[in-house]
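# Fold and contact review
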Amino acid sequence: MDESTPPPPDIDAYTPPPPPSASTGTPTDFLKGVVGKKVIVRLTSGVDYRGVLSCLDGYMNIALEQTEEHVNGVVTNRYGDAFIRGNNVLYISAAEPL
Amino acid sequence: MDPSSSGIQEPFDLIRLSLSERVFVKLRGDRELTGVLHAYDGHMNLILSDVEETIMIVDPIEGGMDGQGTVKVAKRKMEMLFVRGDGVILVSPPSRT
Amino acid sequence: MASQILPLELIDRCIGSRIWVIMKSDREFTGTLLGFDDFVNMVLEDVTEYETTPQGKKKTRLAQTLLNGNNICMLIPGSEGPESDS
């Protein structure tokens, strides 16, 4: 019975192990590079949020600044700050060169 | 590490800083709420007071080319409300500028 | 047992190549795979998003993009996607 109890999974602190061979292209690397930059966050509903990425966590919950909500290419709302619940996120795309 | 300007380390900080403030909440099913945020948890379950709910009811017109229909807006007020977190899409705190 | 190739090993071998991603919904992506994690969240570059809407197919070009693995259905390595010949 030398089996120690594994630590509880802590998704917020989750960082995937670096793949042995691959270059630095993992989701974690991407996110480090994109914080503070303009991004497009598309939800599964098709609604887009364009703004500056403040931060995010392991659930893909997102904090955006200077956010514009786009529906079918039309701005439908503006928010100074916005918290987006991660389960709605389809993708996060860089809107300026990284 | 170095979040821009506002000193927010993680997304939930935005919500924490909005406690006792009036927030805007966008929900699944074309619903929106504004209310004073009293409590939240990691699921984004929320307790709001002095709430106004706005419901967008879309009647798609048959044969409409652009997929648009007439939108009816219904509003109602609630004194105190529990919001289940899985319905939450977006929370926007009052502007801190 | 030893020669078994795990599904994610196959995807690991695609890093640096084009890949076609088909979502559970009417949505597809092609791009160059830069990396992925245990949830199969994927980082893609030079991306095209294909949406099937009632108004027809819609194409969107994207730069570097993190695609949420939650909604992915299938991955086709080395393909240019819906516009490829086959």
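Residues numbered from 1 in each chain as written. Chains lettered and ligands numbered in written order. Predicted model: local features only at pLDDT ≥ 70, side-chain atom pairs only at ≥ 80, totals over all residues. Heavy atoms only, no water.

In the annotation of an unreviewed UniProt entry, the entry for chain B reads LSM complex subunit LSM3, and the organism field reads Suillus plorans. The UniProt entry for chain B carries the following comment under Function (unreviewed entry): "Binds specifically to the 3'-terminal U-tract of U6 snRNA." In its Subunit (unreviewed entry) section, UniProt records this for chain B: "LSm subunits form a heteromer with a doughnut shape." (UniProt positions renumbered as here; feature names shortened; annotations may be inferred.)

Chain A has the name U6 snRNA-associated Sm-like protein LSm6 in an unreviewed UniProt entry, where Suillus discolor is given as its organism. Annotation of chain A in UniProt includes, under Sequence similarities (unreviewed entry), the sentence "Belongs to the snRNP Sm proteins family. SmF/LSm6 subfamily." Per its UniProt entry, chain A bears the Subunit (unreviewed entry) comment "Component of the heptameric LSM1-LSM7 complex, which consists of LSM1, LSM2, LSM3, LSM4, LSM5, LSM6 and LSM7. Component of the heptameric LSM2-LSM8 complex, which consists of LSM2, LSM3, LSM4, LSM5, LSM6, LSM7 and LSM8. The LSm subunits form a seven-membered ring structure with a doughnut shape."

### Quick word on the nonpolar core
V41, Y49, I62, I84 and I92 of chain A are the most contacted members of the largest nonpolar core, which has 25 residues in total. Elements with a minimum of two residues in this core: α1 (27-34), β1 (38-43), β2 (48-56), β3 (62-71), β4 (74-84) and β5 (89-94) of chain A together with β5 (88-92) of chain B. Excluding residues within four positions of it along the chain, Y49 of chain A makes contact with V39, I40, V41, L43, L64, T67, E68, E69, Y79 and I84 of chain A together with K26 and L90 of chain B. (Core = buried A, V, L, I, M, F, W, Y, C linked by side-chain atoms within 4.5 Å. Buried < 20%, exposed > 50% of the residue type's maximum accessible area, 1.4 Å probe, protein only. Helix = DSSP H or I, 4+ residues; strand = E, 2+ residues; numbered from the N terminus. Contact = heavy atoms within 4.5 Å.)

### Description of the interface of chain A and chain C
Residue-level contacts link 23 residues of chain A with 25 residues of chain C. It is P27, L90 and Y91 of chain A in chain A that bury the most area against chain C; as a group they hold 28% of the surface buried on that side. Counting across the chain A and chain C interface gives two salt bridges. Our count for the contact surface shared by chain A and chain C stands at nine residue pairs in polar contact (both at pLDDT 80 or more). Put simply, the parts of the chain that give the side of chain A that touches chain C at least two residues each are α1, β1 and β5 of chain A. At six residues, β5 of chain A tops the list of elements feeding residues into the side of chain A that touches chain C. Each residue belonging to the side of chain A that touches chain C can be placed in one class, and the counts come to 15 nonpolar, seven polar and one charged. Relative to strand β5 (residues 65-67) of chain C, β5 of chain A runs antiparallel, the two sharing three bridges. (Buried area = accessible area lost by both parts, 1.4 Å probe. Salt bridge = Lys/Arg side-chain N within 4 Å of Asp/Glu carboxyl O. Polar contact = N/O pair within 3.5 Å; in protein donor to acceptor, adjacent residues only side chain to side chain. Nonpolar A, V, L, I, M, F, W, Y, C, P; charged D, E, K, R; others polar. Pairing = 2+ DSSP bridges.)

### Quick word on the pattern of salt bridges
Should the charged atoms of two oppositely charged side chains come close, the side chains can pair. Applying the stated criterion across every chain yields a total of 16 salt bridges over all chains. In this structure, E49 of chain C and R42 of chain A form a salt bridge, with 2.9 Å as the shortest nitrogen-oxygen distance. You can see E49 of chain C sitting in strand β3 (residues 42-53) and its partner R42 of chain A sitting in strand β1, one on each of two chains. Taken individually, E49 of chain C and R42 of chain A each receive the classification buried, so the pair is uniform in this respect. In this structure, K58 of chain C and E51 of chain C form a salt bridge, with 3.7 Å as the shortest nitrogen-oxygen distance.

### A short note on the packing of aromatic side chains
In this structure the tally under the stated criterion is four aromatic pairs over all chains. Ring geometry for Y79 of chain A against F24 of chain B: centres 5.5 Å apart, planes inclined by 35°, an arrangement best described as tilted. Taken together, the residues Y79 of chain A in strand β4 and F24 of chain B in strand β1 (residues 22-27) connect one chain to another. With 5.7 Å between their ring centres and 85° between their planes, Y91 of chain A and F29 of chain C make a pair best called edge-to-face. Linking Y91 of chain A in strand β5 with F29 of chain C in strand β2 (residues 27-36), this pair reaches from one chain into another. Taking the relative accessible area as the measure of exposure, Y91 of chain A reaches 0% and is therefore buried. A connected cluster of aromatic rings, assembled from ring pairs, spans F83 of chain A together with F12 and Y40 of chain B. (Phe/Tyr/Trp six-rings, centres within 6.5 Å; stacked < 30°, edge-to-face > 60°.)

### Some thoughts on the UniProt feature "domain: Sm" (unreviewed entry) in chain A
UniProt feature "domain: Sm" (unreviewed entry): in the numbering of this structure it lies at residues 26-98 of chain A. The distance separating the terminal C-alpha atoms of residues 26-98 of chain A is 15 Å; by composition the span is 11% helix and 58% strand.

### Some thoughts on the layout of surface pockets
Within this model, the largest pocket holds a volume of roughly 1400 Å³. In this structure, the largest pocket is lined by 40 residues; those nearest its centre are S45, V47, V71 and N72 of chain A together with D30 of chain B. Class assignment of the residues belonging to the lining of the largest pocket gives a composition of nine nonpolar, 17 polar and 14 charged. (1 Å grid on protein atoms, 1.4 Å probe; cavity = no way out; pocket = protein on both sides within 12 Å on 5 of 7 lines; lining within 4 Å. Points joined across faces, edges and corners; volume = space filled by probe spheres on them.)

### Considering the pairing of β1 of chain A
Residues and elements named next belong to chain A. Burial runs high along β1: five of the six residues are buried. One ladder, built from five bridges, connects β1 with β2; its direction is antiparallel. Opposite I40, over in β2, you have R50 as the bridge partner. Where β1 folds back onto β2 in an antiparallel hairpin, the turn is made up of four residues, including G46, whose phi is positive at roughly 95°. Both β1 and β5 contribute to a ladder of five bridges, which runs antiparallel. Residue pairing across strands places L43 opposite V89, the latter belonging to β5.

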